Amino acid sequence: MFFHIVLERNMQLHPRFFGQNLRENLVSKLVKDVEGTISGRHGFVVAVTGIESIGKGHIRDGTSFVTFPVKYQCVVFRPFKGEILEAVVTSVMQHGFFAEAGPLTIFVSNRRLPDDMEYQAGDMPHYTAPDGSVKIQKDCEVRLKIFGIRVDATEISCVGCMDENFLGIINDPGAVA
């Protein structure tokens with residue numbers, strides 16, 4: 001799920017970046033430092049959308065750097081248990097498959113696939129239904145449900161399932177139209 005939240009960060013800036021463009025330099029450094037990072041508490045920082053305030057700078061003892069407290073608005077992506085996501089399959093193996101939904105990697109075990117799906121090894125490993133109508137392979141889009149999440153300070157890991165109603169393959173690039 002996506003959220004628009006306000007966060008704070010202390011930004012250090014070298015004096016060579018002071019001058020008329022001080023604010024722009026702080027904002028560009030903030031964007032570079034926080035976009036694409038992971039916070040265990042808030043999730044993946046997708047984009048900085050605005051600056052609420054920039055406080056007064058404080059000179060750090062022993063260095064020439066100045067620390068500015070910056071309060072900013074951003075969009076974060078944080079998955080929740082029970083959430084339904086659409087993802088792209090990145091690899092298929094005998095024990096299940098990995099899929100990505102944006103920056104999130106999700107593992108789906110073969111035990112949490114529909115009972116009739118069977119693993120087929122070969123050049124392009126995949127799971128297929130007995131009649132061949134459904135094929136889960138690399139680069140296909142699937143709808144899955146998250147049933148387990150592990151959150152660390154710098155990583156979010158998820159496990160998902162596709163053995164419930166309305167879950168499964170959405171788009172198969174290997175299918176003939």
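Note that the structure is predicted; figures quoted are calculated from it, not measured.

A. Quick look at the sheet that holds strand E9 (residues 118–120). Taken in spatial order, the three strands line up as E9-E10-E11 in an open sheet, and their pairing is antiparallel. Edge positions in the sheet fall to E9 and strand E11 (135–136), since each has one partner strand and no second. With three bridges joining them, E9 and strand E10 (residues 126–128) adopt antiparallel strand pairing. Within E10, the position partnered with Glu118 by the bridge is Thr128.

B. Region of interest: a nonpolar patch on the surface. A contiguous nonpolar patch, built from Met1, Phe3, Phe80, Ile149 and Val151 and spanning about 390 Å² of accessible area, is present on the exposed surface. Within the element layout of this structure, Met1 appears in the segment before strand E1 (2–13).

C. The environment of Gly168, seen in detail. Positionally, Gly168 belongs in strand E14 (residues 168–171). A relative accessible area of 11% means that Gly168 is categorised as buried. Those residues within four positions of Gly168 in sequence are excluded, and the remaining contacts are Glu141, Val142, Arg143 and Met162.

D. Quick peek at unusual backbone geometry. The residue Asp139 is not glycine, and still its phi comes out positive at about 75 degrees. Mapping Asp139 onto the fold places it in the loop between E11 and strand E12 (141–151). At Phe166, a residue that is not glycine, the phi angle is positive and equals roughly 70 degrees. Given a relative accessible area of 76%, Phe166 falls into the exposed group.

E. Inspection of the environment of Leu26 at higher detail. By the element assignment, Leu26 lies in helix H1 (residues 22–34). Separated by 28 residues in the primary sequence, Leu26 and Ile54 have C-alpha atoms spaced 8.9 Å apart. With residues up to four places along the chain from it excluded, the contact list for Leu26 reads Met11, Leu13, Ile54 and Phe68.

F. Representation of a negative patch on the surface in the model. A surface patch of like charges, here negative, comprises Asp115, Asp116, Glu118 and Asp131. Checked against the element boundaries, Asp131 lands in the loop between E10 and E11. According to the relative accessible area criterion, Asp131 is exposed, its value standing at 61%.

G. Main features of the packing of aromatic side chains. The final tally for this structure, using the stated rule, is six aromatic pairs. Summarising the aromatic geometry, the rings of Phe2 and Phe77 are spaced 5.0 Å apart at their centres and angled 40 degrees between planes, so their arrangement reads as tilted. Separated by 75 residues along the polypeptide, Phe2 in strand E1 and Phe77 in strand E5 (residues 66–77) bring together distant segments of the chain. Each ring, one from Phe18 and one from Phe68, has its centre 6.3 Å from the other, and the planes form 85 degrees; the classification is edge-to-face. Highlighted residues: Phe18 in the loop between E1 and H1 and Phe68 in strand E5, separated in sequence by 50 residues. Exposure remark for Phe18: the relative accessible area of 36% places this residue in the partly exposed category. Residue Phe68 is classed as buried on the basis of its relative accessible area, which comes to 8%. Members of the aromatic cluster, connected to one another through ring pairs, are Phe2, Phe44 and Phe77. Geometry around Phe147 places Arg112 over its ring, the cationic atom sitting 4.4 Å from the centre.

Conventions we followed
- Residues numbered from 1 in each chain as written.
- Predicted model: local features only at pLDDT ≥ 70, side-chain atom pairs only at ≥ 80, totals over all residues.
- Heavy atoms only, no water.
- Pairing = 2+ DSSP bridges.
- Helix = DSSP H or I, 4+ residues; strand = E, 2+ residues; numbered from the N terminus.
- Patch = residues over 30% accessible without salt bridge, like charges linked within 9 Å, V, L, I, M, F, W, Y side chains within 5 Å.
- Areas by Shrake-Rupley, 256 points an atom, 1.4 Å probe, with all protein chains shown as cover.
- Salt bridge = Lys/Arg side-chain N within 4 Å of Asp/Glu carboxyl O.
- Buried < 20%, exposed > 50% of the residue type's maximum accessible area, 1.4 Å probe, protein only.
- Contact = heavy atoms within 4.5 Å.
- Lys, Arg positive; Asp, Glu negative; His and termini not counted.
- Charge placed at Lys NZ, Arg CZ, Asp CG, Glu CD.
- Phe/Tyr/Trp six-rings, centres within 6.5 Å; stacked < 30°, edge-to-face > 60°.
- Lys NZ or Arg CZ within 6 Å of the ring centre and 35° of its normal.

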